[in-house]
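Architecture and fold: a report
This is what each chain is made of:
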Protein chains: 2
Amino acid sequence: MPAPDVLIVGSIALDTIKTPFGKVKDALGGSAVYAAYAASFFCKPAIMGVVGKDFPKKHLKMLEARGIDTSAVEVSKGKTFRWEGFYDFDLNIAHTKKTELGVFKHFKPEVPETLRNTGFVFLGNISPKLQLSVLNQMEKKPELAVSDTMNYWICKDRKGVLEVVKKADMGLMNDGEARMLFRTGSLVKAAREILKLDSEFAVIKKGEHGCVLFTKDTHFAAPGYPLENVLDPTGAGDSFAGAFMGYLAKTRSLTEPNLRKAVVYGSTVASFAAEGFSLGNLRNKTFGDIESRYLQFRKIVEF
Amino acid sequence: MPAPDVLIVGSIALDTIKTPFGKVKDALGGSAVYAAYAASFFCKPAIMGVVGKDFPKKHLKMLEARGIDTSAVEVSKGKTFRWEGFYDFDLNIAHTKKTELGVFKHFKPEVPETLRNTGFVFLGNISPKLQLSVLNQMEKKPELAVSDTMNYWICKDRKGVLEVVKKADMGLMNDGEARMLFRTGSLVKAAREILKLDSEFAVIKKGEHGCVLFTKDTHFAAPGYPLENVLDPTGAGDSFAGAFMGYLAKTRSLTEPNLRKAVVYGSTVASFAAEGFSLGNLRNKTFGDIESRYLQFRKIVEF
């Protein structure tokens, strides 16, 4: 079996979600799940996280059938992490009804030996302490380590979040988080702060408004793909991150022009994710679908 | 004197504004003022509206010195329209403290004979009834009539707003207004509704997130120019509209590729407007400054 190209750590969840367009109960979700599935369009990911004994086996089987290495998924006594939330008319804002940490409360990630040399590492949304612990277990510095976070952790452990951004090569977060973390209204200023923390690149996701990438000297803006029917935006940001990492891990090039392409692939896969509940719509897509929407993106921005 | 290329109708105001970065009292503002000034970078605009006897003469002189035709500015007994507002940390949201209609309460726009054949007409944010009255006074159908509006009018006279959009060739509004007017969360759906109202084009402004242009078959997205220091976003949307119209009136081409360019020129001038209070920063800019930021835009979106 070939070694995985990218190690993806984060939550594995059962989501109960209501939007104006439907609802699901205990559907497969979580930052690591969306990111790993999205990355699997491009390369071989390994997913790392914890689930409870109640986690349906079919989900792991489905991920394995996609070629995703699940050897680092710990099955613990207790209940799987659950998130319950809803979206109103403005799908940009997720309202949390309930969060049950379950087995995540006592999770101590241990990176299996076989994965300690993985070149690309994505630290999805979990506690900064766990993110750091994973990074510290890597045998050598990864080619690229990217960290994501969430407002919850910025409130609870701002120092920890800043430490993770500093330790990773690229800070990736959404616009609200960037504003909150660096206490500024300006995304450009927030991006400069990320870069000051030893990050070579800063990526700020803006939901339906697309995504911006900053380096010290350059700036790239990708619009959101114009969607007529967003059913559920949950996991779109994680799908962005996974596809972004997957494309970079596949091409193994970190030049600025290649990062731009990775951003557009990320936006493409994220747009598919938002067109369905859970992984529903992603699971219907082929690499050909992704390629054709990617090319559409170019037509959308040309002038 | 050459006849004006574009007729711009809307409010002429004295604004009192506070943002986290400063404040101004009774500063020159209003949708028609921003739009006319922005258009004057490209062609000869005429501005139409009403002011009170208290309106400082220096403002009209300044506009005239820019080559703007002010013959359709009515000076009425009473007080000039005043708006007082503030912005917090999130500069995307304007909070109104006070609106004093003043002479606008009884304004009945009469298009001077010399302007009734103007080929390009921009109906800036005033009551839909006044917008319609101006359009009806034109001697022949303008080459391009574009209408803007504001949430205030959508609440107060939704039918009127829809009638103006139907009568104009292009509906232009911001994202919040589009969502409100067509009662949908999806900007794509809102744009389709604009197109259904006999509009050939729909333009939706998204503040710092840029702007999207829709035709029946195509879609164009321009990002916002990444600004490190937004001082006051007031008038940025009107500056967008004015520059957009000015560029089209100058080039007299309504092909889709030319509309894309007009959108980017609009975004460019809007970005300069937001970097200062009132017209402050726009007044420091040359056409060369605009050209160079326009070219930057292309570098920002290429992949």
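What counts as what
Residues numbered from 1 in each chain as written. Chains lettered and ligands numbered in written order. Predicted model: local features only at pLDDT ≥ 70, side-chain atom pairs only at ≥ 80, totals over all residues. Heavy atoms only, no water. Least-squares fit on C-alpha atoms with pLDDT ≥ 70 in both. Contact = heavy atoms within 4.5 Å. Buried < 20%, exposed > 50% of the residue type's maximum accessible area, 1.4 Å probe, protein only. Helix = DSSP H or I, 4+ residues; strand = E, 2+ residues; numbered from the N terminus. Pairing = 2+ DSSP bridges. Buried area = accessible area lost by both parts, 1.4 Å probe. Salt bridge = Lys/Arg side-chain N within 4 Å of Asp/Glu carboxyl O. Polar contact = N/O pair within 3.5 Å; in protein donor to acceptor, adjacent residues only side chain to side chain. Axes fitted to C-alpha atoms, helices over the stretch in contact; angles between N-to-C directions.

**Quick notes on the relation of the copies chain B and chain A**
At an RMSD of 0.0 Å, chain B and chain A line up after a rotation of 180 degrees and a shift of 0.0 Å along the axis. Look at the turn and shift together and you get a two-fold axis relating the two. When you check the interface residues of chain B against chain A, 100% turn up at the interface there too, and the contact is symmetric in its surfaces.

**A short note on the pairing of strand β4 (residues 45–52) of chain B**
Side-chain positions along a regular strand alternate between the two faces of the sheet. Residue and element names in this part refer to chain B. With 8 of 8 residues buried, β4 lies mostly within the body of the structure. Both faces of β4 are covered, namely the face carrying Pro45, Ile47, Gly49 and Val51 and the face carrying Ala46, Met48, Val50 and Gly52. Alignment of strand β1 (residues 6–9) against β4, held across 4 bridges, turns out to be parallel. Its bridge partner lying in β4, Val6 is registered against Pro45.

**Overview of the interface of chain B and chain A**
On the side of chain A, 33 residues touch chain B, which itself brings 33 residues to the contact. Together, the buried faces of chain B and chain A total about 2,900 Å²; carbon and sulfur atoms form 58% of this surface. Three residues stand out in chain B for area buried against chain A, namely His209, Glu228 and Phe303 of chain B, and they jointly supply 27% of the buried area on that side. Across the pair Glu208 of chain A and Arg179 of chain B runs a salt bridge whose closest N-O atoms are separated by 2.4 Å. The tally of links between chain B and chain A comes to 20 residue pairs in polar contact (both at pLDDT 80 or more). Those elements that place two or more of their residues in the side of chain B that touches chain A are α6 (175–182), α7 (187–196), β13 (219–222), α9 (256–274) and α11 (287–301) of chain B.

**Points about unusual backbone geometry**
One non-glycine residue, Arg183 of chain A, lies in positive phi territory at about 50 degrees. Structurally, Arg183 of chain A can be placed in the loop between α6 (175–182) and α7 (187–196). The class for Arg183 of chain A is exposed, based on a relative accessible area of 59%. Within the chain, Arg252 of chain B stands out as a residue other than glycine whose phi angle is a positive 50 degrees. Assignment of secondary structure puts Arg252 of chain B in the loop between α8 (236–251) and α9. For Arg252 of chain B, a relative accessible area of 44% gives the class partly exposed.

**Section: the sheet that holds strand β6 (residues 81–87) of chain B**
Residue and element names in this part refer to chain B. Strand order in the open sheet made by the 4 strands is β3-β2-β6-β7, with mixed pairing throughout. The sheet terminates laterally at β3 (22–29) and β7 (94–100), the two strands that pair on one side only. Neighbour-to-neighbour, the strand axes of this sheet turn through a mean angle of 15 degrees, independent of strand direction.

Remember, this is a structural readout, not a statement about activity or role.
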